[in-house]
Amino acid sequence: MRLYFAARLLAVAGMTAPLLPAVASTASEPSLLRIGQVQGTGERSPLLGQEVRVEGIVTADFRQGLGGFVLQDIGDDDARTSDALFVLLGFHPDADDGESPRVGDRYQVQGRVIERQVGGSSVTALEPAHLQLVRRGEGVDSLPLTELTAPPPAWEALENMRVRINAALTVTSTDQLDKYGELAVRFGDRLWQATEVAQPGSAQYQQVLDDNRRRALVVDDGSDQRDPAIIAYLGNRMAPASGATLQALEGIVDQRHKGYRLQLTTPLQWTPPASTALIPPAVAGSLRIASFNLENMFNGDGRGGGFPTVRGARSLQQLQVQTSKLVATLRALDADIAALMELENDGYGPESSLAQFVDALNADGSDWRFVDAGHGPGIDTIRVGLIYRASRVQPLGPPAVLEVEPFGQRSRVPLAQAFRRGDGPSFVVVANHFKSKGCSEAEGADADQGDGQGCWNALRLRSAQQLDAWLKTDPTGHGERTVLVGDFNAYAMEDPLRWLRAQGWRDAIAEAGIEHPYSFIYAGMSGRLDHALLSPALAGQLRGAAEWHINADAPDSAGYAHGGDPTSPIRSSDHDPLLLGFDL
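Residues numbered from 1 in each chain as written. Predicted model: local features only at pLDDT ≥ 70, side-chain atom pairs only at ≥ 80, totals over all residues. Heavy atoms only, no water.

### Some points on the overall build of the protein
How we decide: To qualify as a helix, a DSSP run of H or I must reach at least 4 residues; to qualify as a strand, a run of E must reach at least 2; elements of each kind are numbered from the N terminus. Classification of residues uses two cut-offs on accessible area relative to the type maximum, computed with a 1.4 Å probe and protein chains only: under 20% is buried, over 50% is exposed, and between them is partly exposed. The method behind every accessible area is Shrake-Rupley, applied with a 1.4 Å probe, and residues are considered shielded solely by the protein chains displayed. His is not counted, nor are the chain ends, whereas Lys and Arg count as positive and Asp and Glu as negative. For this purpose, a charge sits on NZ of Lys, CZ of Arg, CG of Asp or CD of Glu.
Counting its regular elements, the protein contains eleven helices and 29 strands. If one aligns the C-alpha atoms of the protein with their principal axes, the spans along those axes are about 95 × 50 × 45 Å. In the protein, buried positions account for 57% of the 584 residues. Total accessible area on the protein stands at roughly 23100 Å², and carbon and sulfur atoms take up 50% of it. Looking at the protein, you have 52 positive and 73 negative side-chain charges, and the mean spots of the two groups are 2 Å apart.

Laid out in structure tokens, this is it:
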């Protein structure tokens, strides 16, 4: 929950209280200051806790959404100081009552200087004692409008100021759009998870972090409302997807949640990206293997009821859309074998999630089959699975599972199955899903070490080591040519992946020469949680690899839970699927 103002601040005006009365000047009234003097050149005001008086023009009225308005003056000729302040008035549903401050009005405000703590950010503001209207409707054109064509040297010097961004900004994430009306954007190229491209804790890692912070920005709707019915800057228009280019943004620079954002004061304008996302990837080779995190494929009780489930679809109707989108994805990939993650762990009977998903795949007459491990594998709520086309490949012998710690409740149990295509050589596919980065119950070495790898990194490293040791025992009897695929919940330069590569496992994406790969976007930063690692014998038979970017870049609104098109693979999951091609 995002709580922006303490209760004592709301008491200044009350939830619907009238504005504070203006008072005549007295001998004890503080001298009129420029706003830049109040803001100062640092993160915190040099006049913190003092009573001050300032005058300026109202540039934005956020009383309905953020509990106050923004006041800006003509400036103090010091580029290091901001010339605008946020004035707290509480939340006023009647903000357009005709008597309250409106954009363009000139006001004097007397009050105490405070530092608002907003999600880890400190923002200089005024807790007003008196307001005095100087001139109604003066307008904002008399104020300087700061224009940006690149990230400023320091956003702090623009805090609460009116700016126009004339540089192209590209949407990097839409995951907070429906929740809070926020879009993550950036100046320049895509933002990368630092541990995707640099070793955790290294100097290069810090350089990536610094560059991300410099180029990142959030576009916001001037409101604290959760799940807004209408996002002011969009109106009734469709939301832009990741990759869209925004143009001529105008608004108020705001600081909260350990970053800077632009509270828009004009409608959003954008150009959609040139997209080829709906074209399935093509890879060379006679054998195609896919890997796909299904984002919680749960089917209730398997008889049309049992909703909502602990994960996934909240109703039968949502399940039907989810299934349709996932089926559209797998059919378009045209794989011979697919490793699946986040399947409901409910057995292999006709009412199981896996069996019914395979039935849906076969509704067009296909011949998909699933690997039956007898139980589980594992005891977690979700599991991995393997499916294959019976007319294209044949399983060899029983599957193998690794049901020992650290796999089980946290890291899902790996599932390995040997196959053969025609009279070609045997090979093994191992489906994996390591522990996520969430910090619930993490302690000791599994707690966040502050190096960018998040929580449970130590457990994921132990999982990688145990997996490698197990495969060296050749549990299927056909392990010379082996591929490890799945959601490892670790970016490419994190400990588990670096350790596996050091043991000789080859990164299929790197082997295929793919530049700037990614399969997942978190907090506006792209990276790979989904990997394919090949034994040396199989690496020589790799003919191609591709990530199908239909999900990570797409807005949540295109997903099954928000009424997305059931015939489209777009946003069928939150992870992009991976496809590999081999000559076997």
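### A few points about the state of the cysteines
The cut-off we apply is this: Defined by distance alone, a disulfide is two cysteine sulfur atoms within 2.5 Å.
By the definition in use, this model includes one disulfide. Two residues, Cys439 and Cys455, share a disulfide whose sulfurs are 2.0 Å apart. Judged by the sign of its S-S torsion, about 90°, the bond between Cys439 and Cys455 is right-handed. With Cys439 in the loop between β22 (426–433) and α8 (457–471) and Cys455 in the loop between β22 and α8, this pair connects stretches of sequence that are 16 residues apart.

### Description of the side chain of Asp576
In plain terms, the rule: Throughout this description, the term salt bridge denotes a Lys or Arg side-chain nitrogen within 4 Å of a carboxyl oxygen of Asp or Glu.
Mapped onto the fold, Asp576 is located in the loop between β28 (542–547) and β29 (578–582). No salt bridge is formed by the buried Asp576; the nearest opposite charge belongs to Arg571, separated by 7.3 Å.

### Looking at the nonpolar core
Which entries qualify depends on this criterion: Within this scheme, the nonpolar core is defined by two criteria: the residues are buried Ala, Val, Leu, Ile, Met, Phe, Trp, Tyr or Cys, and they are joined through side-chain atoms within 4.5 Å. For this analysis, residues touch if any pair of their heavy atoms sits within 4.5 Å.
Phe357, Val429, Leu580 and Phe582 are the most contacted members of the largest nonpolar core, which has 61 residues in total. In this structure Phe357 touches Leu294, Met297, Thr323, Leu326, Val327, Leu330 and Leu340, once residues within four positions along its chain are discounted. Within the second largest apolar cluster, 37 residues are counted, among which are Ala125, Trp155, Leu169 and Ala244.

### Focus: empty space enclosed by the protein
What counts is decided by this rule: A cavity here means a set of 1 Å grid points, computed over protein atoms only, where a 1.4 Å probe fits but cannot escape. A pocket is an open set with protein on both sides within 12 Å along at least 5 of 7 lines, and lining residues have an atom within 4 Å of a point. Grid points are joined across faces, edges and corners, and a volume is the space filled by probe spheres set on the points.
In this structure the tally under the stated criterion is two cavities of 30 Å³ or more. The calculated volume of the second largest cavity comes to roughly 30 Å³. Phe62, Leu66, Val70, Phe86, Asn160, Ile252, Asp254, Arg256 and Gln263 are the residues that line the second largest cavity. The element contributing the most residues to the lining of the second largest cavity is strand β13 (residues 249–256), with three residues.

### Notes on helix α6 (residues 316–333)
One turn of an α-helix holds 3.6 residues; hence residues three or four places apart share an orientation. To keep things clear, this is the line we draw: A helix is expected to span 1.5 Å for every residue after the first.
Between its first and last C-alpha atoms α6 spans 26 Å; for 18 residues at 1.5 Å apiece the expected length is 26 Å, and the two agree. Those residues of α6 that sit buried are Gln318, Leu319, Val321, Gln322, Thr323, Lys325, Leu326, Val327, Thr329, Leu330 and Leu333. Buried-residue contacts for α6 involve β16 (287–297), β17 (337–344), α7 (353–361) and β29. Among the residues trailing α6, Asp334 stands out with phi positive, at a value near 50°.

### A word on the confidence of the model for the protein
As a reminder, the rule being used: For every residue, the predictor assigns a confidence score, pLDDT, that lies between 0 and 100.
Mean pLDDT over the protein works out to 91, with 93% of the residues at or above the 70 mark. Under a pLDDT of 50 for its full length, residues 1–25 has, in the predicted model, 60 contacts with residues more than four places off or in other chains.

### So, the sheet that holds strand β23 (residues 482–487)
Under the convention used in this document: Should DSSP find at least two bridges between two strands, the strands are taken to pair. Axis definition: a line fitted to C-alpha atoms, limited for helices to the stretch in contact. Angles are taken between N-to-C directions and run from 0 to 180 degrees.
Strand order in this open sheet of six strands is β20-β21-β22-β23-β27-β24, and the pairing throughout is mixed. At either margin of the open sheet sits one strand with a lone partner, and together these are β20 (394–401) and β24 (506–507). Pairing analysis gives five bridges linking β23 to strand β27 (residues 530–534), with the strands arranged antiparallel. Its bridge partner being in β27, Gly486 is matched across the sheet by His531. Along the sheet, α8 makes contact with β20, β21 (412–420), β22 and β23, crossing β22 at roughly 160°.

### Thoughts on the side chain of Gln39
To keep things clear, this is the line we draw: N or O atoms within 3.5 Å of each other form a polar contact, as long as, within protein, one can give a hydrogen and the other can take it, and as long as residues adjacent in sequence are counted only when both atoms are side-chain atoms.
Mapped onto the elements, Gln39 comes out in helix α2 (residues 35–39). A polar contact is formed between the side chain of Gln39 and the backbone oxygen of Ala84, at a distance of 2.7 Å. If near-sequence neighbours (up to four positions away) are discounted, Gln39 is found in contact with Arg44, Ser45, Pro46, Ser82, Ala84, Leu85, Thr124, Glu159 and Asn160.

### Comments concerning the environment of Leu533
Within the secondary structure, Leu533 sits in strand β27. Using a relative accessible area of 1% as the deciding quantity, one classes Leu533 as buried. Spatially, the C-alpha atoms of Leu533 and Val430 are 9.8 Å apart, while their sequence positions differ by 103 residues. Discounting residues that sit within four places of it in the chain, Leu533 has contacts with Thr482, Val483, Leu484, Leu497, Leu500, Arg501, Trp505, Arg506 and Asp507.

### Overview of the sheet that holds β13
One open sheet holds the nine strands; their spatial order is β7-β8-β13-β14-β11-β10-β9-β12-β15, and the pairing between them is mixed. Looking along the sheet, the strands with just one partner apiece sit at the ends: β7 (146–148) and β15 (270–271). As paired strands, strand β9 (residues 169–173) and strand β10 (residues 183–187) are joined by four bridges and run antiparallel to one another. By the bridge assignment, Val171 is partnered in β10 with Val185. Along the sheet, helix α5 (residues 203–215) contacts β10 and β11 (216–220); its crossing angle with β11, the most-contacted strand, is approximately 35°.

### Notes on the pairing of strand β14 (residues 259–264)
With five of six residues buried, β14 is to be regarded as a mostly interior element. Taken together, the three bridges between β11 and β14 define a ladder with parallel strand orientation. Considered in β14, the bridge of Val219 is made with Leu262. Counting the residues between successive antiparallel strands, the hairpin from β13 to β14 contains two residues, one of them, His257, with a positive phi of roughly 55°.

### So, the packing of aromatic side chains
In plain terms, the rule: A pair of aromatic rings is counted whenever rings of Phe, Tyr or Trp (Trp by its six-membered ring) have centres within 6.5 Å, and the orientation is called stacked for planes under 30 degrees apart, edge-to-face for over 60 and tilted otherwise. For a ring to carry a charge above it, either NZ of a lysine or CZ of an arginine must fall within 6 Å of the ring centroid while also lying within 35 degrees of the normal to the ring plane.
Throughout the structure, instances matching the rule amount to eight aromatic pairs. A centroid spacing of 6.2 Å and a plane angle of 70° characterise the contact between Trp192 and Tyr518, whose relative ring orientation is edge-to-face. One end of the pair, Trp192, is in the loop between β10 and α4 (194–197); the other, Tyr518, is in the loop between α10 (508–511) and β25 (520–522), and 326 residues separate them in sequence. The class of Tyr518 is buried, set by a relative accessible area of 7%. Judged by centre distance (4.9 Å) and plane angle (70°), the ring pair of Phe434 and Phe488 falls under edge-to-face. Placement of Phe434 in the loop between β22 and α8 and of Phe488 in the loop between β23 and α9 (495–502) is noted, with a sequence separation of 54 residues between them. The exposure class assigned to Phe488 is buried, which follows from its relative accessible area of 0%. Directly above the ring of Phe86 sits Arg116, whose terminal nitrogen or CZ lies 4.6 Å from the centroid. Above the plane of the ring of Tyr348 lies Arg383, whose end atom (NZ or CZ) is 4.4 Å from the centre.

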